[in-house]
Amino acid sequence: MAGAIASRMSFSSLKRKQPKTFTVRIATMDAEMEFSCEVKWKGKDLFDLVCRTLGLRETWFFGLQYTIKDTVAWLKMDKKVLDHDVPTEEPKTFHFLAKFYPENAEEELVQEITQHLFFLQVKKQILDEKIFCPPEASVLLASYAVQAKYGDYDPNVHKRGFLAQEELLPKRVINLYQMTPEMWEERITAWYAEHRGRARDEAEMEYLKIAQDLEMYGVNYFAIRNKKGTELLLGVDALGLHIYDPDNRLTPKISFPWNEIRNISYSDKEFTIKPLDKKIDVFKFNSSKLRVNKLILQLCIGNHDLFMRRRKADSLEVQQMKAQAREEKARKQMERQCLAREKQMREEAERTRDELERRLMQLKEEATMANEALMRSEETADLLAEKAQITEEEAKLLAQKAAEAEQEMQRIKATAIRTEEEKRLMEQKVLEAEMLALKMAEESERRAKEADQLKQDLQEARESERRAKQKLLEITSKSSYTQSMNSSTTALPTDLPSYNLISDSLSFDFKDTDMKRLSMEIEKEKVEYMERSKHLQEQLNELKTEIEALKLKERETALDILHNENSSRGNSKHNTIKKVS
């Protein structure tokens with residue numbers, strides 16, 4: 001009895017100790033996840049769980065975003081999740097997004113998952129027109145997006161219309177030109193075909209390297225008012241703080257780089273920026289809500305920390321990550337080279353097999369034609385022999401008739417003709433007999449010549465038959481040789497070495513010499529990249545010129561006009577910021 005009571009008490013105590021939980025839904029750019037969280041969890045607990053699930057180590061770029069009263073907010077790491085102004089209903093939804101952007105994507109983004117998440121987010125911002133992108137650059141970015149999704153271009157697979165259902169260009173760009181979807185697809189595919197050999201991560205990185213030079217890339221805009229009440233825009237990004245006209249988000253009026261800012265603070269709705277140079281006036285502005293000022297300060301602190309961090313030596317963790325990334329890149333490069341060689345060998349073997357099959361078919365056709373020619377030669381020879389025999393018999397018959405006519409003529413001459421009339425008649429008959437005999441002789445001679453000609457033709461036909469038999473014998477011997485070669489070549493692809501990840505030949509041991517070689521390869525890649533960039537700029541200008549005639553000027557937006565003016569002046573994102581700093 002006492003034991004039963006004790007067991008019930010222990011069971012009830014365990015039941016009471018079970019922590020309360022709530023459900024959270026996390027939406028990334030390409031997936032959704034649900035977690036059961038404890039009530040006591042802080043923002044960092046949930047954030048770390050999401051990062052572990054994704055396998056993400058470069059956590060400093062990201063955050064969990066939610067919306068409250070039409071204002072974007074980010075989950076604070078040191079505050080309980082339920083203490084935030086999040087909706088009471090479950091599951092509570094947060095968006096896992098990039099909160100801070102790198103200055104140089106290629107140098108700072110190490111993990112492939114980090115690159116992929118940035119690629120998806122920037123691509124969506126460009127398509128949603130939150131980042132302005134000129135038409136020619138939109139086409140180039142679309143071609144890299146297609147390479148990342150479909151792999152290498154294959155005209156037998158990627159036929160006309162394969163991009164019909166893809167969203168690749170901003171609607172603003174599509175509406176700006178009198179071009180059909182087929183015309184856009186043709187131009188995207190032309191560039192897509194040039195990206196052959198690039199893996200998904202390489203294509204996505206090329207996309208980011210182009211996108212990071214766009215003026216609105218990585219900028220968070222906030223509506224503000226200065227002391228005079230003038231409406232302005234504040235932009236916060238990886239380089240610093242920028243002040244814009246509301247109608248011009250491309251070119252800032254003034255910029256404050258992070259290394260030239262001494263202090264940032266706010267009091268209620270008033271925000272203050274104190275430059276490092278005390279001779280420069282303090283810049284103050286007002287935002288619409290206190291919550292917005294908190295968000296601005298949060299973004300300022302995070303971007304400033306990353307700005308200073310980039311200008312210091314990498315931490316041990318980052319060094320290890322970069323070393324692992326270099327090794328992984330080298331391993332993948334060797335794997336791709338191995339696969340490329342195997343693919344090339346297979347293609348060469350298939351081409352050789354196809355060529356031998358074609359040659360075999362050609363030899364078979366030649367053999368068939370030779371057989372037919374031989375049969376025709378034999379038939380002709382038989383016909384000529386038969387005709388020669390008939391001609392000889394006719395010649396003999398004519399000769400016999402000529403002899404009989406001659407005898408008749410001699411007999412007639414020997415006969416005495418008594419009367420003149422008989423004599424005349426006899427002379428006439430003799431003349432007719434002589435003429436007939438002459439004709440018979442000529443006919444006999446002609447028949448004899450014809451018989452000789454037929455004999456000569458028969459001799460030539462037999463010679464042709466002999467040559468045809470000889471050629472057929474040669475073709476038959478070649479055909480048997482080709483068949484043996486073909487059977488050995490056809491079996492070639494199956495005997496090629498198959499790819500195996502655990503192969504001993506793919507083991508790595510990076511020594512100093514390997515690192516030096518890798519450094520030389522990186523330097524070589526830089527030179528090649530500069531050459532490609534020059535070629536790329538030429539292609540962009542060529543496409544811009546090509547489609548300029550199809551542009552509908554009346555549909556140009558204010559940003560299009562501003563971008564064209566900046567381009568004509570030679571202004572880019574970075575030199576503009578330097579000018580206004």
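Just so it is clear, the structure is predicted and the values come from calculations on it, not from any experiment.

Some details on the sheet that holds strand S8 (residues 240-244)
Thought 1: Across the sheet, which stays open at both edges, the 7 strands sit in the order S9-S8-S7-S6-S12-S11-S10 with antiparallel pairing between neighbours. The open sheet has two edge strands, strand S9 (254-257) and strand S10 (261-267), and neither has a second partner. Within this sheet the neighbouring strands show an average axis-to-axis angle of 30 degrees, counted without direction.
Thought 2: Pairing between strand S6 (residues 220-225) and strand S12 (residues 283-287): 2 bridges, direction antiparallel. Paired with Ile224 across the bridge in S12 is Ser287.

Section: the packing of aromatic side chains
Thought 1: Within this structure, the stated rule accounts for 18 aromatic pairs.
Thought 2: Here the aromatic rings of Phe271 and Phe285 are separated by 5.0 Å at their centres, their planes lie at 15 degrees, and the arrangement is stacked. One end of the pair, Phe271, is in strand S11 (residues 270-275); the other, Phe285, is in strand S12, with 14 residues separating them in the sequence. Taken individually, Phe271 and Phe285 each receive the classification buried, so the pair is uniform in this respect.
Thought 3: Three or more aromatic residues link up through ring pairs in this structure, and these residues are Phe47, Trp60, Phe61, Phe62, Phe96, Tyr101, Phe118 and Tyr217.
Thought 4: Above the ring of Tyr221, the side-chain terminus of Arg249 is found at 4.8 Å from the ring centroid.
Thought 5: Here the guanidinium or amino end of Arg309 rests over the ring plane of Trp60, the centre of that ring lying 4.1 Å away.

Re the pattern of salt bridges
Pairing between side chains becomes possible if they bear opposite charge and their charged atoms approach one another.
Thought 1: Taken as a whole and assessed by the stated rule, the structure comprises 24 salt bridges.
Thought 2: A salt bridge links Lys44 to Asp48, with the nearest nitrogen and oxygen atoms 2.8 Å apart. You can see Lys44 and its partner Asp48 sitting in helix H2 (residues 43-54), 4 residues apart, about one turn around the helix.
Thought 3: A residue is classified by how much of its surface remains accessible, and Lys44, at 44% relative accessible area, is partly exposed.
Thought 4: Take Asp48: its relative accessible area is 23%, and that puts it in the partly exposed class.

Focus on the confidence of the model for the protein chain
Thought 1: On average, residues of the protein chain score 81 in pLDDT, and 84% of them are at 70 or above.
Thought 2: Mean pLDDT per element in the protein chain: helix H12 (residues 492-495) is the minimum at 37, and helix H4 (residues 112-127) is the maximum at 95.
Thought 3: In this model residues 9-14 is a low-confidence stretch, pLDDT under 50, and it forms 0 contacts with partners more than four residues away in sequence or in other chains.

Remarks on the nonpolar core
Thought 1: By size, the foremost hydrophobic cluster in this structure holds 102 residues, and its most contacted members are Ile26, Leu46, Phe94, Phe96 and Leu241.
Thought 2: No other element matches the 9 residues that helix H5 (residues 135-150) contributes to this core.
Thought 3: Filtering out sequence-adjacent residues up to four positions away, Ile26 remains in contact with Ala31, Glu32, Met33, Phe35, Leu46, Val50, Leu64, Phe94 and Phe96.
Thought 4: Formed by 6 residues, the second largest nonpolar core is a distinct cluster that contains Leu384, Leu454, Leu458 and Ala461.

Observations regarding the environment of His84
Thought 1: Here His84 lies in the loop between strand S4 (71-74) and strand S5 (92-98).
Thought 2: His84 gets classed as buried once you look at its relative accessible area, which sits at 5%.
Thought 3: Along the sequence, His84 and Tyr66 sit 18 residues apart, while their C-alpha atoms lie 9.9 Å from each other.
Thought 4: Setting aside its immediate chain neighbours within four residues, His84 contacts Tyr66, Leu75, Lys76 and Lys79.
Thought 5: A distance of 2.9 Å separates a polar atom in the side chain of His84 from the backbone nitrogen of Lys76.

Describing unusual backbone geometry
Thought 1: Pro91 follows Glu90 through a cis peptide bond whose omega is -5 degrees.
Thought 2: For Pro91, the location among the structural elements is in the loop between S4 and S5.
Thought 3: In this structure, Glu129 is a non-glycine residue whose phi angle is positive, near 65 degrees.
Thought 4: Considering the arrangement of structural elements, one finds Glu129 in the loop between H4 and H5.
Thought 5: A relative accessible area of 37% places Glu129 in the partly exposed class.
Thought 6: Look at Asp268: it is not a glycine, yet its phi comes out positive at around 60 degrees.
Thought 7: Counting through the fold element by element, Asp268 comes out in the loop between S10 and S11.

As for the sheet that holds S5
Thought 1: Read from one edge to the other, the open sheet built from 5 strands follows the order S2-S1-S5-S3-S4, with strand pairing classed as mixed. Edge positions in the open sheet fall to strand S2 (32-38) and S4, since each of these has one partner strand only. Mean inter-strand twist for the sheet, computed between neighbouring axes without regard to direction, equals 35 degrees.
Thought 2: Where strand S1 (residues 21-27) meets S2, 7 bridges bridge the pair, whose relative direction is antiparallel. Bridged to Ala27 within S2 is Glu32.
Thought 3: Across the sheet, H4 is in contact with strand S3 (62-68) and S5; its angle to S5 comes to roughly 100 degrees.

Overview of the pairing of S1
Thought 1: Linking two consecutive strands that pair antiparallel, namely S1 and S2, is a turn of 4 residues.
Thought 2: When S1 meets S5, the two strands line up parallel, connected through 4 bridges. The partner of Ala27 across the bridge, within S5, is His95.

About the criteria used
- Numbers given for residues are sequential positions, taken from 1 along each chain in its written order.
- Note on the predicted model: pLDDT of at least 70 is required for a residue's local features to be given, and 80 or more for side-chain atom pairs to be given and counted; whole-chain, interface and lining totals, by contrast, use all residues.
- Side-chain metrics rest on all non-hydrogen atoms present in the structure, leaving aside hydrogens and water.
- DSSP bridges decide pairing: two strands pair if at least two such bridges lie between them.
- By definition, any uninterrupted DSSP run of H or I lasting at least four residues is a helix, any uninterrupted run of E lasting at least two residues is a strand, and each is numbered from the N terminus.
- Only the stretch in contact is used when a helix axis is fitted, and all axes are lines through C-alpha atoms; the angle between N-to-C directions ranges over 0 to 180 degrees.
- Aromatic pairs are defined between Phe, Tyr and Trp rings, using the six-membered ring for Trp, whenever the two ring centres lie within 6.5 Å; interplanar angles under 30 degrees are classed as stacked, those over 60 as edge-to-face, and all others as tilted.
- Exposure classes here rest on a 1.4 Å probe applied to the protein chains alone. A residue is buried below 20% of its type maximum, exposed above 50%, and partly exposed in between.
- Charge over a ring is defined by NZ of Lys or CZ of Arg lying within 6 Å of the ring centre and within 35 degrees of the ring normal.
- For this analysis, a salt bridge means a side-chain nitrogen from Lys or Arg found within 4 Å of a carboxyl oxygen belonging to Asp or Glu.
- By definition, pLDDT measures how confident the predictor is in each residue, and it falls between 0 and 100.
- By definition, residues are in contact when any of their heavy atoms lie within 4.5 Å.
- Among the buried residues, those of types Ala, Val, Leu, Ile, Met, Phe, Trp, Tyr and Cys that are joined through side-chain atoms within 4.5 Å form a nonpolar core.
- Two N or O atoms count as a polar contact when they lie within 3.5 Å, although within protein this holds only if one can serve as hydrogen donor and the other as acceptor, and sequence-adjacent residues are included solely when both atoms are side-chain atoms.

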